[in-house]
Amino acid sequence: MSALEPSDAALVDLPSGEAGGAGDGGAGGILGRERRALSFGIITVVLLIAFEATAVGTAMPVAARELGGVSLYAFAFSAYFTTSLFGMVVAGQWADRRGPLGALGVGISGFAAGLLLSGTALNMWTFIAGRAVQGLGGGLVIVALYVVMGRAYPARLQPTIMAAFAAGWVVPSVVGPLVAGTVTEQLGWRWVFIGIPVLVVFPLALALPATRRMASGPADPTAPAEPLDRRRIKLALGISVGAGLLQYAGQDLRWLSVLPFAAGVALLGPAVTGRRALLPHGTWRAERGLPAVVLLRGIAAGSFIAAESFVPLMLVTQRGLTPTMAGLSLAVGGATWALGSYVQARPRMEAHRERLMVTGMIQVALAIVAAPSVLVAAVPVWVVAVAWGVGCFGMGMVITSTSVLLLKLSAPHEAGANSAALQISDGLSNVLLLAAGGAGFAALGGGAVAGAAGVAGAHPGAFLVVFLPMGVVAVGGVWVALRVREVGPTPPLP
């Protein structure tokens, strides 16, 4: 799953006055005459983003090998997450001040431009630059979509459009690897990237005019415009640039890399640990309650996504699978992720939410540790599919539960800031753990795994140094999950 996966927590960023949308309209659902074009348009946008997220993992091993950039493999993933962090913050302020139309249009256009840049790249660094442009566009789009949803759909229809968003992720996760693998094998990996921008024209033609009609302009045209929060923009830029520098230092692995590493730490520090940081105080110490919830979201998302990014590459280069078969090894995960989300949403499970989160993190850790067992030739490759299905089920319980608990533990006036902190923890951990995994991968000769047949199986340690540390991080998440429940004051003695 991608960091752009819709979250219930995103809704709390909307002022209460917007929850009912631009008039209930009285009749019709999300596909009623009034909202049909808008619904089709924004659901198609979600489908395209979801398909791209699942297709990239299938095509990436072939792309990295042809561009001679397997040693930069992790950078191609983290570049997306790095710039999307900045895009989300910018989109939030843009939409509040001028409405979501501009952010949505620029975001979709940027997303398509990034795909074209990656698809036509002649070297790995150009490919990575395209991924960064994609991430910036994707960050703008996902925030703008939630603002559109809050303004154009009344409260009674919001659960329905949310369900449609969720379905928009499940379907591509199942069919995306098969389609992307087939395109990669028959036409070439470039068409996985070049083909999607052509499809962007359809949702633009539907969504933008409908957005202009139903959700354009500031929320309250009569109110004075809110000043731009320059501090928040600077902190978001610090996170993005700092994370990028850390990623570069991890990939370069020379003594001179100490300089970008130090600069990255200096930029990240104030944004995540300072007095006015974007994360709740006590997050890094896993203080009970809200800080532990925010930290758990980052641990779960970061460890799982960092490991998942290397699964197709491992299967292609170490076990000789085709890109299609390697991608299909992850396809079952979309369905089990949705099933995990469904299970935690049952009313009778509310009393056991913390236990579900602990169980989910155990499943995530087991999946990550079990995946590299296929480096042993005697282990059948279907073990990865089974393990990842189990891990995705756990992720479905954990990720959705963190959103639920965040709302439960947030005062109404703090819900927006806390929701943003949850998304920042998610995206930042993806970048940092991908950077750490990519550095270990490169240090142990990961760049040689895509060579000739005699070399392809010579560096299993390059994969082990990715999966095993991520498994340890996930085990740490089990302990953090035990701390999400707030402890009330000790009752007085009788």
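Draft legend 1. Structural detail: a nonpolar patch on the surface. Together, Leu47, Val171, Val175 and Val179 line one region of the surface with nonpolar side chains, adding up to about 280 Å² of accessible area. Along the chain, the position of Val171 falls in helix α5 (residues 158-186). We classify Val171 as partly exposed; its relative accessible area is 46%.

Draft legend 2. Local environment of the side chain of Glu308. Counting through the fold element by element, Glu308 comes out in helix α9 (residues 290-319). Although Glu308 is buried, it forms no salt bridge, and the closest oppositely charged side chain is Arg131 at an N-O distance of 11 Å. Polar contacts involving the side chain of Glu308 include one to the side chain of Trp388, which spans 3.1 Å.

Draft legend 3. Local environment of the packing of α9 against helix α16 (residues 460-481). Between α9 and α16, the least distance of the axes is 9 Å, while the angle of their chain directions is 160°. Relative to α16, the element α9 lies roughly antiparallel. For α9 against α16, the interelement crossing comes out left-handed. Classifying every residue of the contact of α9 with α16 gives 19 nonpolar, four polar and no charged.

Draft legend 4. Spotlight on the packing of α9 against helix α12 (residues 353-370). Contact geometry for α9 and α12: axes closest at 10 Å, N-to-C directions at 25°. Classified by the angle between their axes, α9 and α12 sit roughly parallel to one another. Pair α9 / α12 crosses with left-handed handedness. Facing Leu296, Ile299, Ala300, Ser303, Phe304 and Ala307 of α9, the residues of α12 in contact are Met357, Met361, Val364 and Ile368. Across the contact of α9 with α12, the residue classes break down as nine nonpolar, one polar and no charged.

Draft legend 5. View of the pattern of salt bridges. One pass over the full model with this rule turns up two salt bridges. With a closest N to O distance of 2.4 Å, Glu287 and Arg285 form a salt bridge. With relative accessibility at 28%, the residue Glu287 sits in the partly exposed group.

Draft legend 6. Structural context of the confidence of the model for the protein chain. Put simply, the protein chain has an average pLDDT of 76, and 78% of its residues get 70 or more. The weakest mean pLDDT in the protein chain belongs to helix α15 (residues 453-456) at 40; the strongest belongs to α12 at 92. Scored below 50 in pLDDT, residues 449-458 shows 14 contacts in the model against residues more than four places distant or in partner chains. Within the model, the stretch residues 489-494 combines pLDDT values under 50 with zero contacts to residues more than four positions away or in other chains.

Draft legend 7. Region of the structure containing the nonpolar core. If you look at the biggest cluster of nonpolar residues, it comprises 130 residues, and the most contacted ones within it are Phe127, Trp388 and Phe467. The dominant element in this core, judged by the number of residues it contributes, is α9, at 19 residues. Excluding its chain neighbours within four sequence positions, the residues that come into contact with Phe127 are Met60, Ala63, Leu67, Ala76, Ser118, Ala121, Trp189 and Phe193.

Draft legend 8. Quick peek at unusual backbone geometry. Of note in the backbone geometry, Ala286 takes a positive phi value of approximately 55° without being a glycine. The residue Ala286 is located in the loop between α8 (258-273) and α9 in this model.

Draft legend 9. Layout of the environment of Thr120. Along the chain, Thr120 falls in the loop between α3 (101-119) and α4 (124-152). Separated by 71 residues in sequence, Thr120 and Trp191 have C-alpha atoms that sit 9.3 Å apart. Discounting chain neighbours no more than four positions away, the residues touching Thr120 are Arg190 and Ile194. Within polar-contact distance, the side chain of Thr120 engages the backbone oxygen of Leu117 at 3.4 Å.

Scoring rules and cut-offs
Residues numbered from 1 in each chain as written. Predicted model: local features only at pLDDT ≥ 70, side-chain atom pairs only at ≥ 80, totals over all residues. Heavy atoms only, no water. Patch = residues over 30% accessible without salt bridge, like charges linked within 9 Å, V, L, I, M, F, W, Y side chains within 5 Å. Areas by Shrake-Rupley, 256 points an atom, 1.4 Å probe, with all protein chains shown as cover. Salt bridge = Lys/Arg side-chain N within 4 Å of Asp/Glu carboxyl O. Helix = DSSP H or I, 4+ residues; strand = E, 2+ residues; numbered from the N terminus. Buried < 20%, exposed > 50% of the residue type's maximum accessible area, 1.4 Å probe, protein only. Lys, Arg positive; Asp, Glu negative; His and termini not counted. Polar contact = N/O pair within 3.5 Å; in protein donor to acceptor, adjacent residues only side chain to side chain. Axes fitted to C-alpha atoms, helices over the stretch in contact; angles between N-to-C directions. Parallel < 35°, antiparallel > 145°, perpendicular 65-115°, else oblique. Left-handed = near helix turned anticlockwise from the far one by under 90°. Nonpolar A, V, L, I, M, F, W, Y, C, P; charged D, E, K, R; others polar. Contact = heavy atoms within 4.5 Å. pLDDT = per-residue confidence, 0-100. Core = buried A, V, L, I, M, F, W, Y, C linked by side-chain atoms within 4.5 Å.

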